[in-house]
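Structural overview
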Amino acid sequence: LAPAREKLYYGDTVVLACPNYGTNSDPDTLPADPLPVPSPLVEWMFNYTDAWTGYLPAGATVQDGILTITNLGDIHDGEYTCQATNVYYTNYAFKVVQVEMAPSTV
């Protein structure tokens, strides 16, 4: 996950990846929950919207199952849900995004 700090500030770019459902572990993903092969289809939802509608806020894109949100602002506050599905299972992972003002450097 990026950035590598606890808080997210206005203007940041955040990168979210679904749990690694393959055989290799990846510490930069949401908590792992093994999903058997074949590899899953990964979809992202925002505040419980239907993945089929394709609704993500402006500045949010998905490529190869990785969600990137650029220029964080108020419209990005909320819960992002990763849905990974194959013929055997559907698993979910959640990440809450809260954007804050950066601390002043006086």
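Since the structure is predicted, the reported quantities are computational estimates derived from the model, not experimental observations.

**Remarks on the sheet that holds strand β3 (residues 41-46)**
Two strands in a sheet stick together by hydrogen bonds in their backbones, pointing the same way (parallel) or opposite ways (antiparallel). In space, the 3 strands of this open sheet follow the order β3-β6-β7, with antiparallel pairing throughout. Two strands lie at the open edges of the sheet, namely β3 and β7 (90-97), each paired on one side alone. Strand after strand, the sheet turns through a mean of 20° between neighbouring axes, direction not considered. Examined bridge by bridge, β3 and strand β6 (residues 78-85) share 6 bridges and lie antiparallel to one another. Its bridge partner lying in β6, W44 is registered against C82.

**Comments concerning the sheet that holds strand β5 (residues 66-69)**
Strand order in the open sheet formed by 3 strands is β2-β5-β4, with antiparallel pairing between adjacent strands. At either end of the open sheet lies a strand with only one pairing partner, and these are β2 (14-17) and β4 (60-63). Strand-to-strand, the axes of this sheet are offset by a mean angle of 20°, without reference to chain direction. As judged from the 4 bridges shared by β2 and β5, these two strands associate in the antiparallel manner. In the sheet register, V14 faces β5, and the bridge partner there is I69.

Calculation notes
Residues numbered from 1 in each chain as written. Predicted model: local features only at pLDDT ≥ 70, side-chain atom pairs only at ≥ 80, totals over all residues. Heavy atoms only, no water. Pairing = 2+ DSSP bridges. Helix = DSSP H or I, 4+ residues; strand = E, 2+ residues; numbered from the N terminus. Axes fitted to C-alpha atoms, helices over the stretch in contact; angles between N-to-C directions.

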